[in-house]
Amino acid sequence: MAQKKHHSNSSSSNKSNNNSSSYSSSNHNSSVKRTCNRNKKQASFSYLLLLLLLIASPLGVQGRFATTFIVDRLRTTATAAAAAVLTMALFPGPSYALTRDPSTLAKKTDYVHMIVLVHGWLGDDGELSYFEERLQKEIEDAHPEFVVYSAKANIGKTADGIAAGGQRLADEIMDQLSAYHEKFDSEHFSLSFVGNSLGGLYARYALSKLDWTMVHPLIFCTTASPHLGVSNHTYFPIPRWAEWTAAQVIDRMKPRGEKIGSTGQDLFRYTDVLEVMAKEPEYIDPLANFQKRIAYANAFGTDFQVPTTTAAFLSKESNYPHETMETEESFFALKVRTLPGQTVDDESCLSQRLDQLGWTKVFCDVRGDIPVPSVPVPGRRPSVVPQQISWTSKELIPVVTSSGERFHLPLGHTVMVANSRNEIYSKINSQGRKVVDKMAADLIVDILALEEKLHQCSTLDEEEENDEPKDLEDNQKDDHCQIS
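So, a few notes on the structure that sits alongside this text. (Residues numbered from 1 in each chain as written. Predicted model: local features only at pLDDT ≥ 70, side-chain atom pairs only at ≥ 80, totals over all residues. Heavy atoms only, no water.)

A few points about the packing of helix 6 (residues 162–183) against helix 7 (residues 198–206)
Closest axis-to-axis distance for the helix 6/helix 7 pair is 8 Å, and the angle between their directions is 70°. With respect to helix 7, the axis of helix 6 lies roughly perpendicular. Like other packed secondary-structure pairs, helix 6 and helix 7 cross with a definite hand, here right-handed. Seen from helix 6, the contacting residues are Ile162, Ala163, Gly165, Gly166, Gln167, Leu169 and Ala170; seen from helix 7, they are Leu198, Leu201, Tyr202, Ala203, Tyr205 and Ala206. (Axes fitted to C-alpha atoms, helices over the stretch in contact; angles between N-to-C directions. Helix = DSSP H or I, 4+ residues; strand = E, 2+ residues; numbered from the N terminus. Parallel < 35°, antiparallel > 145°, perpendicular 65-115°, else oblique. Left-handed = near helix turned anticlockwise from the far one by under 90°. Contact = heavy atoms within 4.5 Å.)

Here's what the structure looks like:
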């Protein structure tokens, strides 16, 4: 068994110093050309591995049904999916990026808000291009100047660990912030993140490396990010020795000529990077400073890569309370929130450390949007979310992980974000666009509301500096400025 490695900040920082120059369009294009063929092979291998597992042991996924009929139906379904998924992997085509260049922006504005989109493992800046398109649509009539930027620093470089990728992302964001500060005559800059899958962990790491005197943190959002890693959080249980093998496979999906990376070891928790990021003030404090934190997770067994429990950091050992929130969308099975400052039962529990910051968690139901027919499973009951005011973390797990009376091929990881890295991906994941439409609309509404609150607070601060007397209404406004 491999020994757990100690995480070192200094080594990742030294590595990144040589990569912190610039991210010009010409360098980006040449990088994409160099990594195109390699990414085809890597994506093909990963999807093929998924499909082989599903075809070879469909009964082992759920472990309770064993009929020839179901086996035949699953194999037929998996075979149909193979053609679609392998076509996506083998012919990725061009990526679509809508990022605005600083030179195209107006110089005079009250305040500027930057939204950074961060792709995941083996991804690129076109992965969230539909998300970006919807954000651009939502902000057309917005008063403040919005900048939507798709990060590029980790294209073709997702195998060398969370720390290395997070440092590259931080360097890239600082370059962009410097460019926008030069272009804008504005005293107020704010920043939000949307991190998809591994990109959510890159973003969490990058927070510790940013210069927060240049920008104000606003919203931190992740979509299907493995916050607890994937050890003991795989789609179906595997022994620890098999986790080591899987980690080695991930770490070898690297550019030719480069040394074996550590992303797999990080995700399967053979290193302590996830523990450090959930415990040390260097990482927790910047995350806590965001006005709102949101975690989207696929529910009902539809995500092979990042199952529900790690995406929403749920734990069987945690009694941390979650309050139910209202939601009208049928594709949001459940929406809950954790309140900051609650008592933590076990300081060693990663999920409780994150819950303590205060999060909104949204459980997405994309079963009807997966582009492969589902299969009935005899003896199973439909998935039903009970009407309940509050839950503990461990109480939520059976509710949001039950797959119901039908087996759905777990392809929700790309469907939920309408992954549109190329035309084929865009078509196959098109049913997830309604989910992204709602995510984007809610994000902009939240940003505008929080910016308005911050503006009011800033005005009150100026009044206090002028020694203006306060009345009861002023005190009420101060309470209103305490944004959770």
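Additional details are given in the paragraphs that follow.
Description of the sheet that holds strand 5 (residues 292–298)
Taken in spatial order, the nine strands make up an open sheet running 2-1-3-4-5-8-7-6-10, and their pairing is mixed. Since the sheet does not close on itself, it has two edges, and those belong to strand 2 (145–150) and strand 10 (390–392), each with one partner. When the angles between neighbouring strand axes are averaged without regard to direction, this sheet yields 20°. As judged from the six bridges shared by strand 3 (residues 188–196) and strand 4 (residues 216–223), these two strands associate in the parallel manner. Within strand 4, the residue paired with Gly195 across the bridge is Thr222. Running over the sheet, helix 7 touches strand 1 (111–118), strand 3 and strand 4 and is turned about 145° from strand 3. (Pairing = 2+ DSSP bridges.)

So, the pattern of salt bridges
All told, the structure shown has 15 salt bridges when counted by the stated rule. Taking the shortest distance from any N to any O, the salt bridge between Arg134 and Asp437 comes out at 3.1 Å. Here the residue Arg134 occupies a position in helix 5 (residues 129–138), and Asp437 occupies one in helix 17 (residues 433–465), the gap between them amounting to 303 residues. When salt bridges that share partners are traced, they join Arg134, Glu138 and Asp437 into one network. (Salt bridge = Lys/Arg side-chain N within 4 Å of Asp/Glu carboxyl O.)

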